[in-house]
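Letter by letter, the chains look like this.
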Amino acid sequence: MTDQHEKAPEAVFPQIFEYDTTPTHSTVSPDIFQRAPSIDEPVYVEDRRERRGTAVWRVLKERHINMIAFSGTIGNGLFLGSGRSLASVGPGGAVLSYILVGTVISSVISCLGEMTALMPVNAPVMEFPRRYLDRGVGFAVGWIYWFAYAVLAADELVAVANTVAFKYDDGITYLNWKVGSEVDGAVWIALFLVIVISINMLPVKYFGEFEYVFGCLKITFITMLILLMVVLDTMKPRENSYYDQVIGAKNWNSPYHFFNKQYQVKDSDGNLQRTITGSIGTFLGIWTTFVKIMFAYIGMDIMAATAAESRALADAESMKMAARKINIRIITLYALSVLAASFVVPMDHPFINGKGQSVGSHSVFIIAVVEAGLPAAAHFFNAIFVFSSFTCAINSMWVASRVLHTLALRDQTGPDFITERLKRCHSGVPVRAVLATAAMMLVGFMGRTGAPGERLSELASNCTVSCLIVYVAICATYLSFFKTLEDAKLYGNASEAQTACYDRNHPRYPYKSHGQWLKAAYGMVSCMLLVVFNGIGAFLERPFNVRRFVSSYISLPVFVLLLVGYKIRKHGFHISQWGPERSNDLRNTMQASSEVRKGRLEFPDEGFTKENGRTFLHWVWVWMK
């Protein structure tokens, strides 16, 4: 029932996309949950293309969705952070850690993908917790999600400034970008911030094309990078290389180990304080590496954030394909990249253990080509790293601005004069939400101080924890959503056709991942553990590192304050009324248009026929685009 404290909304809330009525859609009476629909439920509106209004435009194609998520994920987490992982846990431990953390994030993305495929809604990351957990949780998740991506965008700008100041000097090879080193980092942050804002001001149709090109370039570069690492490991060394024999598996054999048996405790300036050995040292190295690697995977959830501006959602399987493609591509490419690099660069190389002169010199890929006698390739690689961080900043600002716009549509951004302005769109672009996000990104100017990469690490830690909180909420939401589907089938008063929309075993259910509720529980528990123990490094330093502790845990009290603030604003201090408020709304579900599912290879004929060949090529294209 509608709460007596809740006033009727005056604004247009985030929309649930509803297309022409067909048998594949379901509108179920809310009586199956024995409650009246809340006035806080979204208002269903048509897709409008107003030059000036409050609605974004749905113009993105499926290929745009796939590459926006891919491009937004590939950044400094892999290129600049994989070396630290190799040094912390050893070659085998690094590869294993990337795979294990990949299973955690894959579980989260599968949860989000299934819910979004069944009910494509605006801002699903905040909308689904609002429906199936609590409206206060949805509010808090929305703000923490905006905060995470605004900070991530700032972090990527700091990475750009640090990477431009490239210097590599190991006593044999000297590389230096003089312009980057001599110009203050604040200048680079400001310059690229202006470019990022400008691209985000473009109509989303052009933004999508930019991102498609960026994503294609990145996937091509990573594939080339993996092949190059394999060649360097197996070919006869060049005359100017640092070694005179084929590397092979030397860096995996004695005196090196599968796992690093030492954990080095360093202060903020990178000075070694003490070394912890044995099984405890190995465990600490693995655990801290998990947290660092999680940062490299942040951005995979962007595929769901495109829902509000995607015209491909009329196809119920577009979100299924997006979720599966991003999981397969990112985890596979990450694991292969680290595996290939671990054969070329040893785990005890001084530059990946903090001795490099710049952030770029810490990259295991740059070290590999320099020691192979290819210093020109190091310049090219560093330029690609700048490009990758820059494009990730574009994506992160885009996501953050859309989340802020959705919060404004729900009247959850403060005073009316602020909210009304944040709602406004020009040619489908929430211009003021973009500018407000840019204001938050000014925190990146703090990253120009400290040792190389120090502030970058702090911003990354803060962003990682914020996203982990969101991932916990997504997995918990899925478990509640799963129970709601079961209740709808068992106790609902819907017709047989409508009930089929909630049947995960139905052949036209949009997206089903086997054992998904177990994956949701696994993802939720894993992310909770990472949140609670992510700042263990601050406790090991002497004296206690307050700054690292704050950057590791500040997101937790912020989330709690947002949740409590929502409850106080709505119910005052009547704590007895602070219980869960959720609608469990299952209206406007979708089904696949055919039992022949996209992405599944089924040959129409037997043997080698022209039609079978055409079917195979189409299947390859579906998975590649």
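Undergrad: Any details on the overall build of the chain? Residues and values, ideally.
TA: Counting secondary structure elements, the chain contains 22 helices and 8 strands. Every one of the 625 residues in the chain was classed for burial, and the buried ones make up 58%. Sequence-distant contacts, at least 24 apart, represent 80% of the contacts inside the chain between residues at least 6 apart.

Undergrad: Account for the side chain of D301, with residues named and values stated.
TA: Mapped onto the fold, D301 is located in the loop between helix 9 (278-297) and helix 10 (302-305). We note that D301 is buried and unpaired, the nearest opposite charge coming from R402 at a distance of 14 Å. A polar contact of 2.7 Å, which involves the side chain of D301, links it to the side chain of Y471.

Undergrad: Lay out the pattern of salt bridges with the relevant residues and their values.
TA: The final tally for this structure, using the stated rule, is 12 salt bridges. Residues D411 and K423 are paired through a salt bridge, measuring 3.4 Å at the closest nitrogen-oxygen approach. Within this pair, whereas D411 is found in the loop between helix 13 (375-409) and helix 14 (416-423), its partner K423 is found in helix 14, the two being separated by 12 residues in sequence. Each of E127, R130, R131 and D585 takes part in a single network of salt bridges with overlapping partners.

Undergrad: Could you give an account of the nonpolar core, with specific residues and numbers?
TA: One finds Y297, M303, Y471 and F481 to be the most contacted residues of the largest nonpolar core, which totals 170 residues. It is helix 5 (residues 135-164) that provides the largest number of residues to this core, a total of 20 residues. The contacts of Y297, once residues within four sequence positions are left out, are T73, Y98, V101, G102, I105, I330, I331 and Y334. Counting 5 residues, the second-largest nonpolar core is a separate cluster that includes Y263, V265, I276 and L540.

Undergrad: Just give me the short version of the packing of aromatic side chains, but keep the residues and values in it.
TA: Summed over all chains, the structure comprises 35 aromatic pairs. Between Y98 and Y334, the ring centres sit 6.0 Å apart and the planes meet at 85 degrees, which makes this aromatic pair edge-to-face. A residue pair is termed long-range when its members are at least 10 positions apart, and Y98 in helix 3 (residues 82-118) and Y334 in helix 11 (residues 318-344) qualify at 236 residues. Arranged with centres 5.6 Å apart and planes meeting at 75 degrees, the rings of Y132 and F481 form a pair that is edge-to-face. Of the two residues, Y132 is situated in helix 4 (residues 124-132) and F481 in helix 16 (residues 454-491); the sequence distance between them amounts to 349 residues. The burial state of Y132 is the same as that of F481; both residues are buried. Among the aromatic residues, those joined into a cluster by ring pairs are F79, F221, F365, F380, F381 and F385. The positively charged end of R63 is found above the aromatic ring belonging to Y212, 4.7 Å away from the centroid.

Undergrad: Could you give me a rundown of helix 9, with the residues and numbers involved?
TA: With 20 residues, helix 9 should cover 28 Å at 1.5 Å per step; its first-to-last C-alpha distance of 29 Å lies within 8% of that length. Burial runs high along helix 9: 14 of the 20 residues are buried. Just past helix 9, the residue G299 takes up positive phi, approximately 125 degrees.

Undergrad: So what's going on with the packing of helix 3 against helix 9? Which residues, and what values?
TA: The contact between helix 3 and helix 9 brings their axes to 8 Å, and the two run at 55 degrees. By the criterion of interaxial angle, the relationship of helix 3 to helix 9 is oblique. Where helix 3 crosses over helix 9, the two elements pack in a sense that is right-handed. Along the contact surface, helix 3 presents R84, S85, S88, V89, A94, S97, Y98, L100, V101, G102, V104 and I105, while helix 9 presents G285, I286, T289, F290, K292, I293, M294 and Y297. Grouping the constituent residues of the contact of helix 3 with helix 9 by class yields 12 nonpolar, 6 polar and 2 charged.

Undergrad: With reference to specific residues and values, describe unusual backbone geometry.
TA: In this structure, the amide linkage connecting S254 to the following residue, P255, adopts the cis form with an omega of 15 degrees. Considering the arrangement of structural elements, one finds P255 in the loop between helix 8 (204-234) and strand 5 (262-266). In the segment running from R542 into P543, the intervening peptide bond is cis, with an omega of 0 degrees. Topologically, P543 is positioned in the loop between helix 19 (536-540) and helix 20 (546-553). Even without being a glycine, D411 presents a positive backbone phi close to 55 degrees. Positive phi outside glycine occurs at N584, with the angle close to 50 degrees. Mapped onto the secondary structure, N584 falls in the loop between helix 21 (555-571) and strand 8 (589-590).

Undergrad: I'd like a description of the environment of L157, backed by residues and values.
TA: With respect to the helices, strands and loops of the structure, L157 is situated in helix 5. In this structure L157 comes out as buried when scored by relative accessible area, which is 1%. Considered as a pair, L157 and M441 are 284 residues apart in the sequence and their alpha carbons are 8.7 Å apart. Residues in contact with L157, not counting those within four places in the same chain, are I189, F192, L193, V196, A393 and M441.

Undergrad: Quick one: what's the story with the packing of helix 13 against helix 14, residue by residue and with numbers?
TA: Running from N to C, helix 13 and helix 14 point in directions that differ by 125 degrees, and their axes come no closer than 8 Å. Taken together, the axes of helix 13 and helix 14 lie oblique to each other. By crossing handedness, the relation of helix 13 to helix 14 is classed as left-handed. The segment helix 13 lies against helix 14, with L404, H405, A408 and L409 engaging T419, L422 and K423. Residue composition of the contact of helix 13 with helix 14, by class: 4 nonpolar, 2 polar and 1 charged.

Quick notes on the rules
- Residues numbered from 1 in each chain as written.
- Predicted model: local features only at pLDDT ≥ 70, side-chain atom pairs only at ≥ 80, totals over all residues.
- Heavy atoms only, no water.
- Helix = DSSP H or I, 4+ residues; strand = E, 2+ residues; numbered from the N terminus.
- Buried < 20%, exposed > 50% of the residue type's maximum accessible area, 1.4 Å probe, protein only.
- Contact = heavy atoms within 4.5 Å.
- Lys, Arg positive; Asp, Glu negative; His and termini not counted.
- Salt bridge = Lys/Arg side-chain N within 4 Å of Asp/Glu carboxyl O.
- Polar contact = N/O pair within 3.5 Å; in protein donor to acceptor, adjacent residues only side chain to side chain.
- Core = buried A, V, L, I, M, F, W, Y, C linked by side-chain atoms within 4.5 Å.
- Phe/Tyr/Trp six-rings, centres within 6.5 Å; stacked < 30°, edge-to-face > 60°.
- Lys NZ or Arg CZ within 6 Å of the ring centre and 35° of its normal.
- Expected span 1.5 Å × (residues − 1).
- Axes fitted to C-alpha atoms, helices over the stretch in contact; angles between N-to-C directions.
- Parallel < 35°, antiparallel > 145°, perpendicular 65-115°, else oblique.
- Left-handed = near helix turned anticlockwise from the far one by under 90°.
- Nonpolar A, V, L, I, M, F, W, Y, C, P; charged D, E, K, R; others polar.

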